[in-house]
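# Structure assessment
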Amino acid sequence: MLLEPIQYGLGALSGGLVGFTLGLFGGGGSILAVPLMVYMVGVPNPHLAIGTSAFAVAVNAFANLLGHARFGNVKWRCASLYSLAGIAGAFVGSSIGKMIDGQHLLILFALLMLVVGALMFKRRGAEGDPNAQCSRENAPKVIAIGGLTGAFSGFFGIGGGFLIVPGLIAATGMPILFAVGSSLLAVTAFGLTTSLNYAYSGLVDWGLAIVFIGGGIVGGLLGALAARKLAARKGALNTVFALLIFVVAGYILLKAHEQLAI
């Protein structure tokens, strides 16, 4: 499906916004990527937007992972265990998601966002344990939450960071800054799994994905620096994360309702 040149320019700008969000929150990139692809860039097919954004977000997440690793914000054992558990779930979820009408998929996506946003806002004051690790005791919980997150990630065509961050916090008790950094490995794995499944059905625009990634790398560097500053203020990162989710969920519900009413 051919897009206009201006749409690719808007794709680069959208990628910058998504990259900043990924660097700042470790997640939330996809909750912006899909709406931006549909409503700002103007991709007419929600499934094409989902497949393209899943690949772009996966690559941007990997770039941001390197930045967070440099600052020591990644718990590698937890991130690896969580990611491996979620890959199978992402494949199953994305296979089911392709069979559901795109606008209805967006509505379900927004409703899930509202639930996660409420949970994050409720826990906004929790500081967590900087020494938290994945051990034999909490491994079953990490695997279970990781698998479930992967399924949701694949179903909605998202990297899943906005689910992974609270999931890692719930499973291990780690602070949000470490959950943000660690989540990026899972976002990369889930996004690649989902995008390859969509690509098999011809639902990825590779040119748009490339310009999206380019903008995202620049935005991600700025986001990672902002994350370090916000994390120093108790509850600030959690609160901003939750508010972002609420705003985007409301916008998706409004636009999806308008499309279904036509």
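Let me begin by describing the structure that accompanies this report. (Residues numbered from 1 in each chain as written. Predicted model: local features only at pLDDT ≥ 70, side-chain atom pairs only at ≥ 80, totals over all residues. Heavy atoms only, no water.)

## As for the layout of surface pockets
The condition that has to hold: Here a cavity means grid points, on a 1 Å grid over the protein atoms only, where a 1.4 Å probe fits yet cannot get out; a pocket means an open set of points with protein on both sides within 12 Å along at least five of seven lines; lining residues are those with an atom within 4 Å of a point. Grid points are joined across faces, edges and corners, and a volume is the space filled by probe spheres set on the points. For helices the rule is a DSSP run of H or I covering at least 4 residues; for strands it is a run of E covering at least 2, with both sets numbered from the N terminus onward.
Empty space within the largest pocket amounts to approximately 290 Å³. In terms of lining, the largest pocket is formed by 15 residues, of which the most central are Val116, Leu119, Leu163, Pro166 and Gly167. Secondary structure elements with two or more residues in the lining of the largest pocket: helix H5 (102-122), helix H6 (139-156) and helix H7 (161-172).

## A look at a nonpolar patch on the surface
To keep things clear, this is the line we draw: Like-charged residues within 9 Å of one another, or nonpolar side chains (Val, Leu, Ile, Met, Phe, Trp, Tyr) within 5 Å, are grouped into patches, provided each residue has over 30% relative accessible area and no salt bridge. The Shrake-Rupley method, run with a 1.4 Å probe, gives the accessible areas here. Residue values count only the displayed protein chains as cover. Whenever a carboxyl oxygen of Asp or Glu lies within 4 Å of a side-chain nitrogen of Lys or Arg, that contact is scored as a salt bridge.
On the surface, a cluster of nonpolar side chains totalling about 420 Å² of accessible area is made up of Phe91, Val92, Ile96 and Met99. With respect to the secondary-structure elements, Val92 resides in helix H4 (residues 76-97).

## Here we look at the packing of H4 against helix H8 (residues 176-200)
Our working rule: Convention adopted: a line fitted to C-alpha atoms gives each axis, helices being fitted over their contacting stretch, and angles between N-to-C directions are expressed from 0 to 180 degrees. Angles are sorted into four bins: roughly parallel if under 35 degrees, roughly antiparallel if over 145, roughly perpendicular if 65 to 115, and oblique for all others. Two helices that cross are described as forming a left-handed crossing if the nearer one is turned anticlockwise from the farther one by less than a right angle, and a right-handed crossing if clockwise. Between two residues, a contact is recorded if the distance between any of their heavy atoms is within 4.5 Å. Any residue that is not Ala, Val, Leu, Ile, Met, Phe, Trp, Tyr, Cys, Pro, Asp, Glu, Lys or Arg is counted as polar, Gly included; the first ten are nonpolar and the last four charged.
Two elements in contact, H4 and H8, have axes separated by 8 Å at closest approach and are oriented at 25°. Classed by the angle they form, the pair H4 and H8 counts as roughly parallel. H8 is crossed by H4, and the crossing has right-handed handedness. Contacts between H4 and H8 pair Trp76, Ala79, Ser80, Tyr82, Ser83, Gly86, Ile87, Ala90, Phe91, Ser94, Ser95 and Gly97 from the former with Ser182, Leu185, Ala186, Ala189, Phe190, Thr193, Thr194, Asn197 and Tyr198 from the latter. Here the contact of H4 with H8 is composed, by residue class, of eleven nonpolar, ten polar and no charged.

## Some remarks on the packing of aromatic side chains
We describe a pair of aromatic rings using the distance from one ring centre to the other and the angle between the two ring planes. Convention followed: For this analysis, a ring pair means two rings from Phe, Tyr or Trp (six-membered ring only for Trp) whose centres lie within 6.5 Å, classed as stacked if their planes differ by under 30 degrees, edge-to-face if by over 60, and tilted for the remaining angles. Burial here depends on accessible area, computed with a 1.4 Å probe over protein chains only, as a share of the maximum for the residue type. Under 20% is buried, over 50% is exposed, and the range in between is partly exposed. Here, over-ring charges are defined by two tests on the NZ atom of lysine or the CZ atom of arginine: distance to the ring centre within 6 Å, and angle to the ring normal within 35 degrees.
Going through the model one piece at a time under the given rule, you end up with one aromatic pair. Look at Phe55 and Trp206: their rings are 5.0 Å apart centre to centre, the planes differ by 80°, and that puts the pair in the edge-to-face class. Remark: Trp206 occurs in helix H9 (residues 206-231) and Phe55 occurs in helix H3 (residues 46-70); sequence separation between them is 151 residues. Taking the relative accessible area as the measure of exposure, Trp206 reaches 42% and is therefore partly exposed. Positioned over the ring face of Phe71 is Arg70, at 5.7 Å from the centre of the ring.

## Quick notes on the nonpolar core
Inside soluble globular proteins, nonpolar side chains tend to come together where they are buried. Keep this limit in mind: Nonpolar cores are built from buried Ala, Val, Leu, Ile, Met, Phe, Trp, Tyr and Cys residues. Side-chain atoms within 4.5 Å join them into one set.
One finds Val18, Val43, Phe109, Met113, Phe162, Val165 and Phe241 to be the most contacted residues of the largest nonpolar core, which totals 74 residues. Take this core: its biggest share by element is eleven residues, from H8.

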